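Listed below are the residues making up each chain.
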Protein chains: 2
Amino acid sequence: MHKDSPSATWPAVRRKFIEAGGSTTQSFGLGRILGQMYALLYLSPTPLCLDDIVRELSVSKASVSTTVRQLERWSAVKRVWVQGDRKDYYEAETDFHAVLRHGLLTTVRKKLDTAGSQINRAESSLRETRARGNGKSHDDLAVVMQRLDHAKQFHSKIQGLLSNPLLDHLL
Amino acid sequence: MHKDSPSATWPAVRRKFIEAGGSTTQSFGLGRILGQMYALLYLSPTPLCLDDIVRELSVSKASVSTTVRQLERWSAVKRVWVQGDRKDYYEAETDFHAVLRHGLLTTVRKKLDTAGSQINRAESSLRETRARGNGKSHDDLAVVMQRLDHAKQFHSKIQGLLSNPLLDHLL
DNA sequence: AAAAATGTTCAGTCTTAATTGAACGATGCA
DNA sequence: TGCATCGTTCAATTAAGACTGAACATTTTT
């Protein structure tokens, strides 16, 4: 009998962690590189430049360039200045709370917005349709209207929750 | 000048709504059919069988079969019995609260779980590594350890939040 | 000014995962 | 039992979008 990982080397541990970050973001539908890159920066005690990242993750510079800007938009990483080097250096934002609020929540909110406006459009179209008696029985239309209302109501409840200051408190 | 949609027909309104559902779920990384199917059932005053859905969405029966089971697992639809028909009929669960809790939250929780266990594994590996002095400066290792701890802490905070009864209250 | 270094953009490739078609097992029916 | 109806499964296809290579714009260095 032998122990599974009796003594992992530091680079091995790091690689594992980065890989884990990648598959996590991948499982959430964001790309793999996003997570790998954030993990890499998160474990790095010093800021890294684009080519560092290219080297560490062996991905194209194009990917790094676009992904780093995505992470920046989410305030998950920030650009930092390094003495006497014109390269751009990046470090991870360690305040997850800020990342979540500024990045994830606003993204979700945006998607829910477009969904909501489509519900509204459907509802008002339907209201017009109902005026003229189009094919559908009156009872059926009533059911549908009631459901659209229900959906609208739920939608705004969620929207409210996502911008509820109480949520910030819980985090 | 003319009004944009002065009088949409009922089938047109419905198609729009279904399409909207599809693109919403798609934008969240779940397939397109999932949303279309739920939207269809949600607007239907009566339960539908698999072939109804195949006809309405013009998708393969295979897709309908697998997707309906996914929706069922999330308790987003439920199977209902129809007098003297051996086909399976389905209707939408209109209690979004239940769907969210039973479907979405458990899914997210599961993904966070695997992420969390990977953080833990990394941390304990690193603890071992630190015992022997492997390459890295002691200060750097300290920073990394501190960050892994920080991540672990945040992770459990989120896990807690997701199973917080207070969350149910807010919904 | 030429060359090098750096970051960005975009058309094209490649990977992942959604979707399908066809074969199958099961269940009811004549 | 033979036939029809349903639903499921799985290998294969297809579509979506992640990722790349090469060309480019910009700034720095020689």
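(A) Region of interest: the protein's contact with DNA strand D. DNA strand D sits among 16 residues. The nearest are S63 of chain A together with S65, R69, R86 and D88 of chain B. Among the atoms of DNA strand D close to the protein, meaning within 4 Å, 70% are from sugar or phosphate groups. Contact distances for DNA strand D include 3.0 Å between a phosphate oxygen and a backbone N or O atom of S60 of chain A. Taking R69 of chain B, its side chain carries an N or O atom lying 2.9 Å from a phosphate oxygen of DNA strand D. Listed by contribution, the elements that provide at least two residues to the surface near DNA strand D are α2 (32-43) and α4 (61-73) of chain A together with α4 (61-73) of chain B.

(B) View of the environment of T9 of chain B. Mapped onto the elements of the fold, T9 of chain B is located in the segment before α1 (10-27). Sequence separation between T9 of chain B and I119 of chain B is 110 residues, and the spatial gap between their C-alpha atoms is 54 Å. Those residues in contact with T9 of chain B, other than ones at most four positions away along the chain, are T129 and N134 of chain A.

(C) Local environment of the protein's contact with DNA strand C. The environment of DNA strand C is made up of 15 residues, and the closest members are S65, R69 and D88 of chain A together with S60 and S63 of chain B. Near the protein, meaning within 4 Å, the atoms of DNA strand C are sugar or phosphate in a fraction of 73%, with bases accounting for the rest. Between DNA strand C and S65 of chain A, the relevant distance is 2.7 Å, taken from a phosphate oxygen to a side-chain nitrogen or oxygen of the residue. One of the side-chain N or O atoms of K87 of chain A is found 3.1 Å from a phosphate oxygen in DNA strand C. Among the elements of the structure, α4 of chain A together with α2 (32-43) and α4 of chain B are those that each provide at least two residues to the surface near DNA strand C. Per-element tally for the surface near DNA strand C: the top contributor is α4 of chain A, with 4 residues. Taken together, the residues of the surface near DNA strand C sort by class into 5 nonpolar, 3 polar and 7 charged.

(D) Summary view of the sheet that holds strand β3 (residues 89-92) of chain A. Residue and element names in this part refer to chain A. The 3 strands are arranged β1-β3-β2 in an open sheet whose pairing can be described as antiparallel. The open sheet has two edge strands, β1 (48-49) and β2 (77-80), and neither has a second partner. Strands β1, β2 and β3 of the sheet are contacted by α2, whose axis makes an angle of about 85 degrees with β3.

(E) Here's a closer look at the domain arrangement of chain A. All names here are of chain A. Taken as a whole, chain A is organised into domain 1 (10-94) and domain 2 (97-170). One C-alpha centre belongs to domain 1, the other to domain 2; they are set 36 Å apart. Listed per partner, the contact involves 5 residues of domain 1 and 5 residues of domain 2. The junction of domain 1 with domain 2 conceals about 410 Å² of combined surface from both sides, 67% of it contributed by carbon and sulfur atoms. When the area that domain 1 buries against domain 2 is broken down by residue, the three leading residues are W74, S75 and E93, summing to 78%. The interface formed by domain 1 and domain 2 contains 1 residue pair in polar contact (both at pLDDT 80 or more). Residue composition of the side of domain 1 that touches domain 2, by class: 2 nonpolar, 1 polar and 2 charged.

(F) Region of interest: the packing of α2 of chain A against helix α6 (residues 138-162) of chain B. With their axes 9 Å apart at the nearest point, α2 of chain A and α6 of chain B run at an angle of 130 degrees to one another. When the axis of α2 of chain A is compared with that of α6 of chain B, the two are oblique. Within the contact between the two elements, α2 of chain A uses L41, Y42 and L43 of chain A and α6 of chain B uses V144, R147, L148, H150 and A151 of chain B. Residue composition of the contact of α2 of chain A with α6 of chain B, by class: 6 nonpolar, 1 polar and 1 charged.

(G) Fine view of the relation of the copies chain A and chain B. Placing chain A over chain B gives an RMSD of 0.1 Å and needs a rotation angle of 180 degrees, together with 0.0 Å of translation along the axis. Both copies are brought into coincidence by an operation consistent with a two-fold rotation axis. The rotation axis passes nearest to the C-alpha of G29 of chain A in chain A, at a distance of 2.7 Å. Of the residues that chain A buries at the interface, 100% are likewise interface residues in chain B, meaning the two copies contact each other through the same surface.

(H) Quick peek at the interface of chain A and chain B. Across the boundary between the two partners, chain A contributes 51 residues, which contact 51 residues of chain B. Carbon and sulfur atoms supply 70% of the area buried between chain A and chain B, which totals about 4600 Å² over both sides. When residues of chain A are sorted by the area they lose upon contact with chain B, W10, R147 and L170 of chain A head the list and together hold 14% of the total. Where chain A meets chain B, there are 0 salt bridges. With 14 residues, the single largest contributor to the side of chain A that touches chain B is helix α5 (residues 96-131) of chain A. For the side of chain A that touches chain B, the per-class residue count stands at 30 nonpolar, 13 polar and 8 charged.

Basis of the calculations
Residues numbered from 1 in each chain as written. Chains lettered and ligands numbered in written order. Predicted model: local features only at pLDDT ≥ 70, side-chain atom pairs only at ≥ 80, totals over all residues. Heavy atoms only, no water. Near = heavy atom within 4 Å. Polar contact = N/O pair within 3.5 Å; in protein donor to acceptor, adjacent residues only side chain to side chain. Helix = DSSP H or I, 4+ residues; strand = E, 2+ residues; numbered from the N terminus. Contact = heavy atoms within 4.5 Å. Nonpolar A, V, L, I, M, F, W, Y, C, P; charged D, E, K, R; others polar. Pairing = 2+ DSSP bridges. Axes fitted to C-alpha atoms, helices over the stretch in contact; angles between N-to-C directions. Domains from an automatic or database assignment. Buried area = accessible area lost by both parts, 1.4 Å probe. Parallel < 35°, antiparallel > 145°, perpendicular 65-115°, else oblique. Least-squares fit on C-alpha atoms with pLDDT ≥ 70 in both. Salt bridge = Lys/Arg side-chain N within 4 Å of Asp/Glu carboxyl O.

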